[in-house]
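Summary of structural features
This is what each chain is made of:
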Amino acid sequence: MLGWFRKKKKSPFPDSPEDDASRQQPADAPGEEPDATIEEPEITDPAVAQTAPPTKPPAAVVPPEKPEKSSPSIFKKLSERLARTRESFTQRIDELFLGKKQIDAALFDELEEILVTADLGIATTMELLETARRQVKRDNLSDPQQLKHIIKDALKSYLTATNRPAELVMPQQGPFVMMVVGVNGVGKTTTIGKIGAKFHAAGRSVLLVAADTFRAAAISQLKIWGERNDARVIAQHEGADPSSVVFDAMAMAVSKGYDVVLIDTAGRLHTRANLMDELKKIKRVITKQLPDAPHEVLLVIDATTGQNGISQATLFNEAIGVTGIALTKLDGTAKGGIVANITRELQLPIRFIGVGEKIDDLRDFDADEFIEALFATESDDDHSSDQLHTSES
Ligand SMILES: Nc1nc2c(ncn2[C@@H]2O[C@H](COP(=O)(O)OP(=O)(O)OP(=O)(O)O)[C@@H](O)[C@H]2O)c(=O)[nH]1
């Protein structure tokens, strides 16, 4: 849970007793006020809001004692949730290699078809196969099993080859602000709910912001997640100016000392230009109140949409600068190869993967764990997870 914080080599947060005290919930934090879900923020005067000092220093996310991936059962669950991709990808590779005595051109042709079908994308597939061909030739390899290892390693290298740090860093001062964007229906609100649950479980106070005012249902849905997570929800009426909702929420987050602000945005407006303009405006409003925020612009992509997700990412990235990806619905697709395509094409880190609709079905993305889960066979599920466990301890 919250692996990006857990993975930090050096904590930016002081360890003094005063700081421990400062990590308590804010005075009106959801944990102390169960019925705190509200529609209208208390602070609406921009002048007051902008100058209101934090009531306490920000809290750090306390690393959980046990890393999530060290549990064999959790690894097995991940592997099961990736079953459709495993069937269409790993198992097909195994079937292809079964009984084959040599690596030849025909084998590469069939491999190409499998990789493209798993949504690795043409360019990524071609590059991967070229790498593999060169390695086979250079090392004079003949065993198809060696080729499987080359594919596995190449995929892993794509998953880790991002040009930005794959770990999020909590700010020294003020709340951690995450703006969540993506086209409609990809799972933005659900992902926010799940991320909020992770923070809540780590003892952090969370403010959810309903900046998708385009649809009344989106506001209601966020409120439900707020109730589930004991998180305050800042919302206005349908059709309200999203930037004004965000302005009020930011003011409240700063003045009340919330640890985390998660902002839900619209996925659909009358035109794409309108949507991008609205997102840019929201981002400006955030930055005006907290110069180093948003700390994360998380783009949610639905894995089942395949290559379309790449175009969406390019569009959002050009407009507002995406810093991380949440890839949802990996449980419902046979085309999980999109993961490698996204990281290679976009050079953006994947922060989370969604593997189901339930609250705990959002996982911190870990390239090693993902590849092991994808390549795990039923018989070695437990063995693989043991290895992961050992390497962690
Ligand atoms: N199977 C599966 N379903 C998911 C996952 N993440 C989200 N969903 C489902 O996807 C559907 C759409 O999710 P929402 O959170 O409403 O999507 P949204 O992007 O906020 O949609 P808009 O508000 O229309 O922009 C819901 O039925 C979710 O339960 C996932 O990882 N796996």
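Parameters at a glance
What you see as residue numbers is a count from 1 along each chain, following the sequence as written. Given that the model is predicted, a residue must reach a pLDDT of at least 70 before its local features are reported, and side-chain atom pairs must reach 80 or more before they are shown or counted; all residues, however, enter totals for whole chains, interfaces and linings. Water and hydrogen atoms play no part in the side-chain values, which are based on all heavy atoms of the structure. Secondary structure follows DSSP: runs of H or I at least 4 residues long count as helices, runs of E at least 2 residues long count as strands, and numbering of each begins at the N terminus. Axes here mean lines fitted to C-alpha atoms, for a helix over just the part in contact, with angles spanning 0 to 180 degrees between N-to-C directions. Roughly parallel refers to an angle under 35 degrees, roughly antiparallel to one over 145, roughly perpendicular to one between 65 and 115, and oblique to any angle outside these ranges. Put simply, a crossing is left-handed when the front helix is turned counterclockwise from the back one by less than a right angle, and right-handed when it is turned clockwise. By the convention used here, residues are in contact when the closest approach between their heavy atoms is within 4.5 Å. Only Asp, Glu, Lys and Arg are considered charged in this grouping, and only Ala, Val, Leu, Ile, Met, Phe, Trp, Tyr, Cys and Pro are considered nonpolar; every other residue, Gly among them, is considered polar. UniProt positions are given in the numbering used here, feature names are shortened, and annotations may be inferred rather than shown by experiment. To estimate the expected span of a helix, count its residues, drop one, and scale the result by 1.5 Å. Think of it this way: one heavy atom of a residue within 4 Å of a molecule or strand is enough to make that residue near it. Any pair of nitrogen or oxygen atoms within 3.5 Å is treated as a polar contact; in protein, a donor-acceptor pairing is required on top of that, and neighbouring residues in sequence qualify only through side-chain atoms on both sides. Only the protein chains shown count as cover for residues, and all accessible areas are computed by the Shrake-Rupley method using a 1.4 Å probe.

Locating S79 in the fold gives a position in helix α4 (residues 72-81). For the pair formed by S79 and I371, sequence separation is 292 residues and the distance between their alpha carbons is 9.5 Å.

In this section: the packing of helix α5 (residues 83-97) against helix α8 (residues 144-160). Helix-helix packing is described using two parameters, namely the angle between the two axes and the distance between the axes. Running from N to C, α5 and α8 point in directions that differ by 155°, and their axes come no closer than 10 Å. Relative to α8, the element α5 is oriented roughly antiparallel. In this structure, α5 crosses over α8, and the sense of that crossing is right-handed. Of the residues in α8, those touching α5 at F89, I93, D94 and F97 are P144, Q145, L147, K148, I151 and L155. In the contact of α5 with α8, the residues fall into seven nonpolar, one polar and two charged.

A separate point is unusual backbone geometry. Note that the residue after A293, namely P294, is joined by a cis bond; omega there is 0°. Secondary-structure assignment places P294 in the loop between α12 (272-289) and β5 (296-302). At N140, a residue that is not glycine, the phi angle is positive and equals roughly 55°. In this structure, N140 sits in the loop between α7 (122-138) and α8. Even without being a glycine, Q347 presents a positive backbone phi close to 55°.

UniProt tags residues 349-362 as "domain: SRP54-type proteins GTP-binding" (unreviewed entry). Here residues 349-362 runs as 0% helix and 43% strand, with 16 Å between its end C-alpha atoms.

The next subject is helix α10 (residues 216-229). Over its 14 residues, α10 runs 20 Å from end to end, which matches the ideal 20 Å to within 8%, given 1.5 Å per residue. Check the buried side of α10 and you find it contacts α9 (188-201), β2 (206-211), β3 (232-234) and β4 (260-265). Just beyond α10, the residue with positive phi is D230, at close to 55°.

In this section: the site of the ligand. The local shell around the ligand holds 19 residues, among which T189, T190, R215, D331 and E357 are the closest. Side-chain polar atom of R215 to an oxygen atom of the ligand: 2.7 Å apart, as the coordinates give it. Note that an oxygen atom of the ligand is positioned 3.3 Å from one of the backbone N or O atoms of G354. Isolated, the ligand exposes 660 Å² of accessible area, and the fraction of that covered by the protein chains is 81%. If you tally residues by element for the shell around the ligand, the top one is α9, at four residues. Residues of the shell around the ligand, tallied by class, amount to three nonpolar, nine polar and seven charged.

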